[in-house]
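# Descriptive structure summary
As a plain string of letters, each chain reads:
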Amino acid sequence: MKLMITGGAGFLGSRLARALLARGSLAGARIEHLVLADQVPPSAALTADARVEARVGPLLAQCAALAGEHFDGVFHLASAVSGECEADFELGLRSNLDTTRALLDALRASVLAGAPPTRLVFSSSIAVFGPDASALLPAQVGDTTLPAPQTSYGTQKLMCEYMIADYTRKGYVDGRSARLMTVAVRPGRPNGAASSFFSGIIREPLAGQEAILPVSPQTAHPISSPARTIEGLIAVYEASREALGGRLALNLPAVNVRVSEMLDALEAVAGRTVRERVRFVADPIIASIVANWPSAATAERAARLGLRPDADFADIIRQYIADCALAPGGAEALKGMRD
Ligand SMILES: NC(=O)c1ccc[n+]([C@@H]2O[C@H](COP(=O)([O-])OP(=O)(O)OC[C@H]3O[C@@H](n4cnc5c(N)ncnc54)[C@H](O)[C@@H]3O)[C@@H](O)[C@H]2O)c1
């Protein structure tokens, strides 16, 4: 089978690529060709696999050339992230909305030429939910909570969910949207997502560096590990339409946790010195974005697919430490644990 991951050089895209290549098959079919489409090149470790083809450049420009090419499956992960979309309205519209429509039209062209619809998994986000005077947020957002996004990023994700549902209704793709919870712990450097600090307050202290907490320790949020998130994307791809139970987006499972509990878990796993590297410095812009996000989520439809959240936040930290211990140069990321 021939697959594509857009955003295939990113954090989750490259992890998904590694997971798919290691499995060797998806939905019972052997993976022969995996296209990684991204504006930046994927790692050499990925392109060393003979099944991988890297296509580097803005996805919108790549989509014109895609028409007529058939993919059995696409994981559409390329996206400008929340902080970037809030700072640059045009970037969000182009990278998220215009690009997704162009991708869907390229896949539709292949159906109009006689091919079966491509199965497409879209990485939506918990950022589609937000409080509105007409639809207040419940204590926990679920699969049937009315989305009322309060950021451009969340709005673009919701518009893409609806486009995918309608292209699916018309038979142009076999689309499914999974709403990812905030994924932590993200390795490497902070990114432009407003949620970046959820990883930073764990990652930086473990590396021996100070981390800034820009929101109140009482802030609560649904978090998922990279491993559970990739497992969720693959399960949503493999699920039959009947098992999914509809065309609308579904939540992926999460651990609902307060920042103070995240820091308690950090101390339990790595010690008090590590925890003390986190310093609270309020950032009103980040706090106002986060205040409009859900503080907890449920995932009933994902549970029916057999998906479960991580055991607890300490387990998420342990997974990050285990990943770093295996990664080349990963010892540097944990040097704060030895001090
Ligand atoms: N990581 C999270 O906590 C989280 C939470 C909710 C949803 N998501 C969604 O999951 C997906 C993957 O997230 P991630 O954390 O891996 O992000 P990431 O930023 O690490 O990866 C996204 C990749 O997309 C690429 N990209 C962005 N715009 C592009 C464009 N116009 N053309 C080509 N490539 C482009 C980037 O170069 C990057 O490599 C995104 O759709 C994101 O919105 C992530």
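To be clear, the structure that these remarks concern was listed above.
The paragraphs below set out a description of the structure included in this document.

Conventions and cut-offs
Residues numbered from 1 in each chain as written. Predicted model: local features only at pLDDT ≥ 70, side-chain atom pairs only at ≥ 80, totals over all residues. Near = placed C-beta within 6 Å. Helix = DSSP H or I, 4+ residues; strand = E, 2+ residues; numbered from the N terminus. Nonpolar A, V, L, I, M, F, W, Y, C, P; charged D, E, K, R; others polar. Expected span 1.5 Å × (residues − 1). Contact = placed C-beta atoms within 7 Å. Buried ≥ 20, exposed ≤ 12 C-beta atoms within 10 Å, placed from the backbone. Pairing = 2+ DSSP bridges. Core = buried A, V, L, I, M, F, W, Y, C linked by C-beta atoms within 7 Å. Domains from an automatic or database assignment. Right-handed = clockwise from strand over helix to strand, strands pointing away.

Time to look at the site of the ligand. Around the ligand lies a shell of 25 residues, among which Gly7, Gly10, Phe11, Leu12 and Ser79 are the nearest. The set of elements that each furnish at least two residues to the shell around the ligand consists of helix 1 (11-23), helix 5 (89-112), strand 7 (118-125) and strand 9 (182-183). In terms of residue count, the dominant contributor to the shell around the ligand is helix 1 (three residues). Taken together, the residues of the shell around the ligand break down into twelve nonpolar, twelve polar and one charged.

For the bond running from Ala184 to Val185, omega is 10°, close enough to zero to count as cis. By the element assignment, Val185 lies in the loop between strand 9 and helix 7 (196-206). Of note, the phi angle at Ala27 is positive, near 50°, even though the residue is not glycine. Relative to the helices and strands, Ala27 resides in the loop between strand 2 (25-26) and strand 3 (29-30).

This paragraph deals with helix 14 (residues 313-326). Each α-helix turn comprises 3.6 residues. Residues three or four places apart therefore point the same way. Its 14 residues give helix 14 an end-to-end C-alpha distance of 20 Å, which sits within 8% of 20 Å, the value for a rise of 1.5 Å per residue. As for helix 14, its buried residues are in contact with helix 7, strand 11 (220-224), strand 13 (255-258) and helix 10 (259-270).

For a regular strand, the rule is simple: side chains alternate between the two faces of the sheet. Counting buried residues in strand 1 (residues 2-6) gives four out of five residues, a clear majority hidden from the surface. Relative to strand 4 (residues 33-38), strand 1 runs parallel, the two sharing five bridges. Among the inter-strand pairings, Met4 is bridged to a residue of strand 4, identified as Val35. Relative to strand 6 (residues 73-76), strand 1 runs parallel, the two sharing four bridges. Looking at the pairing, Ile5 lines up with Phe75 of strand 6.

Relative to the helices and strands, Gly188 resides in the loop between strand 9 and helix 7. When the 9 C-beta atoms within 10 Å are taken as the criterion, Gly188 is described as exposed.

Attention now goes to the nonpolar core. Ranked by size, the top nonpolar core spans 93 residues in total, and within it Leu36, Ile202, Ile223, Met262, Leu266 and Ile317 carry the most contacts. The leading source of residues in this core is helix 10, at seven residues. Taken domain by domain, this core gets at least three of its residues from each of domain 1 (2-183 + 224-251) and domain 2 (196-221 + 255-296 + 311-337).

The next point concerns the pairing of strand 8 (residues 173-180). Of all eight residues making up strand 8, eight are buried, and the element is well covered by its neighbours. Of the two faces of strand 8, the one carrying Val173, Gly175, Ser177 and Arg179 and the one carrying Asp174, Arg176, Ala178 and Leu180 are both buried. As judged from the eight bridges shared by strand 7 and strand 8, these two strands associate in the parallel manner. Opposite Thr118, over in strand 8, you have Val173 as the bridge partner. For the crossover from strand 7 across helix 6 (residues 152-169) to strand 8, the handedness is right-handed. As judged from the two bridges shared by strand 8 and strand 12 (residues 250-251), these two strands associate in the parallel manner. Bridge pairing in strand 12 places Ala178 opposite Leu250.

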